[in-house]
Amino acid sequence: MTRARYKHFLPLQTRWSDNDIYGHVNNVAYYGYFDTIVNEYLISVGALDIHTGAVIGLVVETGCKYAAPLAFPEKLDGALRVAKIGNSSVRYELAIFKAGEDKPAAEGHFIHVYVDRATRRPVALPAELRRALERVSA
């Protein structure tokens, strides 16, 4: 996919600690980028209260395909789109681009199941959260 397929972008900066012994960003760092992109979007649009909200999202599935290496000190663009909205779950699709490039260095996904903070049981997506997800739907 190219940038045109995504709805929300977040500038990112690789960190010194992202590089591994082989001189490129280690695979585990990408999952941190993905989490940052999704949560920055949800918090910035007021759809998720991470401190006191009654509903929280738990990751139940994740995956990533790598196309090109990245390394510190590159500037990146994180990209987000929502592929599927269920009753209590969401499939996010994400990409990491070198700043200014049209083809991603990595593409991934993860699925959140939204649950009651206290009981950890699945709940229907709150209306405000659903509206925010629909704005970045594919």
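Rules of the game
Residues numbered from 1 in each chain as written. Predicted model: local features only at pLDDT ≥ 70, side-chain atom pairs only at ≥ 80, totals over all residues. Heavy atoms only, no water. Helix = DSSP H or I, 4+ residues; strand = E, 2+ residues; numbered from the N terminus. Buried < 20%, exposed > 50% of the residue type's maximum accessible area, 1.4 Å probe, protein only. Pairing = 2+ DSSP bridges. Axes fitted to C-alpha atoms, helices over the stretch in contact; angles between N-to-C directions. Arc of directions from axis to C-beta. Contact = heavy atoms within 4.5 Å.

**Q** Would you mind showing me how to read unusual backbone geometry here?
**A** With the exception of glycine, most residues fall at negative phi, and the peptide bonds are largely trans. With an omega of 10°, the peptide bond running from Phe72 to Pro73 counts as cis. Residues other than glycine seldom take positive phi values, yet Arg120 does so here, at roughly 60°. Note on placement: Arg120 falls in the loop between strand 5 (106-116) and helix 2 (127-135). Its relative accessible area of 46% is what places Arg120 among the partly exposed residues.

**Q** What should I look at first to understand the sheet that holds strand 4 (residues 89-98) in this one?
**A** Remark on secondary structure: sheet strands pair via backbone hydrogen bonds, oriented parallel or antiparallel. Sheet architecture is open: five strands sit in the order 1-3-4-5-2, paired in antiparallel fashion. Of all the strands in the sheet, the pair left with one neighbour each is strand 1 (8-13) and strand 2 (55-66). Across the sheet, the axes of successive neighbouring strands diverge by a mean angle of 25°, strand direction being ignored. Direction of pairing for strand 2 relative to strand 5: antiparallel, over a ladder of 11 bridges. Considered in strand 5, the bridge of Thr62 is made with Phe110.

**Q** Before we go on, may I ask you to explain helix 2 in this structure?
**A** Turn by turn, an α-helix covers 3.6 residues, leaving residues three or four places apart pointing in a common direction. Along helix 2, the residues that are buried comprise Leu129, Ala132 and Leu133. Down the axis of helix 2, the buried side of the element spans an arc of 100°, and every buried residue falls inside it. Buried positions along helix 2 lie against helix 1 (27-44), strand 3 (75-85), strand 4 and strand 5.

**Q** Sorry if this is basic, but what is going on with the pairing of strand 3 here?
**A** By the bridge criterion, six bridges tie strand 1 to strand 3 in an arrangement that is antiparallel. Paired with His8 across the strands is Leu80, a residue of strand 3. Pairing geometry for strand 3 and strand 4, over nine bridges, is antiparallel. If you follow Gly78 over to strand 4, its bridge partner there is Ile96. Between strand 3 and strand 4, which pair antiparallel and follow one another directly, the connecting turn spans three residues.

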